[in-house]
Every structure is written in C-alpha cells, then in structure tokens.
Amino acid sequence: MIKFEHVSKVYPNGTRGLDDVDLTITDGEFVSVIGLSGAGKSTFLRSINRLNEISEGNIVVDGVSITKAGKKQLREIRRHIGLISQSFNLVKRSTVQKNVLSGRLGYYSTWKSIFGLFTKEDYERTKQALESVGLLDKLHSRSDELSGGQQQRVSIARTLVQQADIILADEPVASLDPITSQKILQDLRKINQEMGKTVIVNIHSVEMAKAFSDRILAFKSGKVVFDGTPKQLDETELARIYGKNPAMNQDQDASEDDGEESR
Ligand SMILES: Nc1ncnc2c1ncn2[C@@H]1O[C@H](COP(=O)(O)OP(=O)(O)OP(=O)(O)O)[C@@H](O)[C@H]1O
C-alpha cells in the first residue's frame with residue numbers, strides 16, 4: 001500500500017510540483033496518471049521511490065515511511081519498487097541477460113555487485129522473467145540489437161527479477177508506436193493481474209489510460225483534480241483536467257501519438 005499524506009513538493013525555483021496530494025493506492029491496483037505536460041505526473045511517480053525529495057507531508061510504502069527512512073531502510077524499500085522509464089535505461093552494449101540480472105543488484109553487498117556474483121537461482125529467475133515477456137530467445141543478444149518495444153520488455157523483465165511488488169512506469173510508451181504501446185501496456189496489465197503487482201503508469205494517452213486501468217488519477221498544477229474509474233472519466237471531467245474542449249484533447253492525444261511514432 002502506498003499512502004500520500006498531504007504531500008507537497010516545491011522545487012528550488014519555486015515551482016509547485018505537487019500540491020497537497022492526499023491519497024492511498026492499494027496493493028494490486030493498476031493506476032494511470034494523466035494530465036497536461038508539467039502537471040506533476042513525474043514528480044508524483046518519482047516521489048514514491050524518493051528519487052524526488054518532497055517538501056511537505058509523508059509518503060508511506062507498505063507501512064514504512066519512505067520520507068523518513070534512513071539510508072539502509074531506503075535501500076530495502078527500493079528493492080520492492082521497480083522503475084520503468086521512457087528511455088528503457090538499459091546498458092546498451094550489455095547482453096539482455098546481464099541487464100535483467102542487474103535487477104538483483106539491490107539484494108547484494110557492493111563488492112558482490114561489482115563482481116557480478118549472481119546465484120544459479122538468479123540466472124533461473126532471469127530466464128523465467130524473459131519467458132514471461134516473450135523474449136527468452138534474446139537471452140544472449142546485445143540490448144542495442146533489440147527494437148524499442150523489446151528493450152522496454154527487457155526493462156519489465158528486470159523489475160520481475162527484482163521481485164518488485166510495485167512497478168512505477170514513467171511514460172513507458174512515450175517513444176513507441178501505438179501498436180507496440182498497446183502491447184507493452186498489455187504486458188504490464190498481465191503482470192498486474194496474474195502476479196498481483198501494483199502498477200502505476202504515467203501516460204499521455206487518455207484512451208490507453210481508460211483501456212488498461214482500474215483507476216485514473218489526473219493532475220493539474222500539482223493537484224489531483226480527478227481520482228476515479230475509467231468510466232467516471234467523462235467529457236466534463238476531461239474538460240476540467242485539460243482546461244479545454246475535450247474533443248480537442250482527443251486531437252492532442254492523436255497528434256502526440258503521431259509525434260512519438262515519427263521519433
Ligand atoms: N528539477 C526541477 N526544477 C524545477 N522545476 C521542476 C523540476 N522538475 C519539474 N519541475 C516543474 O514541476 C512541474 C511538474 O513537472 P513534472 O515533470 O512532474 O510534470 P509532468 O506532468 O510529468 O510533465 P510531462 O508530461 O511533460 O513529463 C512543472 O512545472 C515542471 O516545470
């Protein structure tokens with residue numbers, strides 16, 4: 001369970017990234033986070049594993065305050081939180097196997113990590129994780145030989161090997177074409193439903209947020225302005241979130257998708 005208790009974040013330049021966010025995400029939820037660019041989605045997501053230090057309030061993950069955690073405790077909490085990002089964050093020149101195995105690093109002391117002393121079980125977990133994302137045949141391939149969608153699957157497999165209970169996905173499909181984006185979201189949904197993992201996804205496409213989520217959170221100027229089911233997210237709510245004609249919002253989504261496609 002993730003609990004935000006009146007959380008605010010003010011950046012050094014005075015920008016309010018989060019403004020009094022107070023909510024709970026329960027285990028096994030699939031939550032999409034939407035809102036205009038600059039609304040606070042990344043700030044919200046990256047506060048959960050404290051990549052982002054908050055200015056006020058408290059964030060509790062599985063009963064432990066990550067806000068107040070010391071170094072050792074923070075490392076322990078972070079073991080349970082996987083992060084997937086738009087840029088995949090793989091070591092491009094390394095093999096798929098090595099990249100996925102790196103999900104185990106949080107479980108080892110620094111010297112073991114440096115020498116890459118992984119157990120037989122770790123290697124077995126790596127194979128299983130790759131199998132579950134349909135990439136076992138790429139085990140020994142170099143990561144930069146894979147397509148964007150395949151690279152994103154490798155980063156999903158890495159969170160599985162990490163045995164993370166919570167998966168944070170910061171715009172995981174922003175650099176992928178619409179069809180591949182659908183497939184990646186399907187993978188995340190499958191992991192959520194079959195393994196019971198909590199998945200929180202920042203996403204620009206309202207359509208995809210509606211198709212894959214149990215719950216949608218919308219941010220505007222750091223505030224949560226919508227918190228409900230895909231069904232509750234109607235035209236009126238969309239107008240409130242995006243501050244304009246919802247029809248235009250759909251256009252914006254479409255053109256954004258086009259833009260991503262041509263990248
Ligand atoms: N390091 C920073 N220093 C100052 N302001 C920042 C910093 N990071 C983010 N901000 C500001 O905080 C606000 C929220 O940013 P955030 O990146 O969380 O938005 P977002 O909804 O994820 O946007 P996008 O969809 O473009 O990624 C924005 O006004 C942004 O300019």
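Below you will find a few notes about this structure. These numbers come from a predicted model, not from an experiment.

Some points on the pattern of salt bridges
Point 1. Taken as a whole, this structure holds 14 salt bridges when the rule is applied.
Point 2. Among the salt bridges present, the one from Arg16 reaches Asp19, with a minimum N-O distance of 3.5 Å.
Point 3. You can call Arg16 partly exposed: its relative accessible area is 38%.
Point 4. Taken together, the salt bridges that share partners define one network made up of Arg104, Glu121, Asp122 and Arg125.

Description of the environment of Lys138
Point 1. Mapped onto the elements, Lys138 comes out in the loop between α5 (120–132) and α6 (148–161).
Point 2. Distance from Lys138 to Thr67, taken between C-alpha atoms, is 39 Å for residues 71 residues apart in sequence.
Point 3. Residue contacts for Lys138: discarding those within four places in its chain leaves Val96, Leu146 and Gln150.

Side note on the sheet that holds strand β4 (residues 56–61)
Point 1. Spatially, four strands are ordered β2-β1-β4-β5 in an open sheet, and the strand pairing comes out antiparallel. Of all the strands in the sheet, the pair left with one neighbour each is β2 (16–25) and β5 (64–65).
Point 2. When strand β1 (residues 2–10) meets β4, the two strands line up antiparallel, connected through five bridges. The residue bridging Phe4 from the neighbouring strand is Ile59, located in β4.
Point 3. Across the sheet, helix α1 (residues 41–48) is in contact with β1, β2 and β4; its angle to β2 comes to roughly 55 degrees.

A few points about unusual backbone geometry
Point 1. In this structure, Arg50 takes a positive phi of about 60 degrees despite not being glycine.
Point 2. Along the polypeptide, Arg50 turns up in the loop between α1 and β4.
Point 3. Relative accessible area serves as the criterion here: at 16%, Arg50 is assigned to the buried category.
Point 4. Phi at Asn89 is positive, roughly 55 degrees, even though this residue is not glycine.
Point 5. Checked against the element boundaries, Asn89 lands in the loop between β6 (81–85) and α3 (96–101).

Quick look at the nonpolar core
Point 1. By size, the foremost hydrophobic cluster in this structure holds 41 residues, and its most contacted members are Ile34, Leu185 and Leu188.
Point 2. Here this core gets five residues from one element, more than from any other, and that element is α6.
Point 3. Aside from chain neighbours lying at most four places away, what touches Ile34 is Lys41, Ile203, Val206, Ala209, Ile216, Leu217, Ala218, Phe219, Leu233, Ile241 and Tyr242.
Point 4. If you look at the next biggest cluster of nonpolar residues, it comprises 26 residues, including Ala39, Phe44, Ile48 and Phe219.

Quick notes on the rules
Residues numbered from 1 in each chain as written. Predicted model: local features only at pLDDT ≥ 70, side-chain atom pairs only at ≥ 80, totals over all residues. Heavy atoms only, no water. Salt bridge = Lys/Arg side-chain N within 4 Å of Asp/Glu carboxyl O. Buried < 20%, exposed > 50% of the residue type's maximum accessible area, 1.4 Å probe, protein only. Helix = DSSP H or I, 4+ residues; strand = E, 2+ residues; numbered from the N terminus. Contact = heavy atoms within 4.5 Å. Pairing = 2+ DSSP bridges. Axes fitted to C-alpha atoms, helices over the stretch in contact; angles between N-to-C directions. Core = buried A, V, L, I, M, F, W, Y, C linked by side-chain atoms within 4.5 Å.

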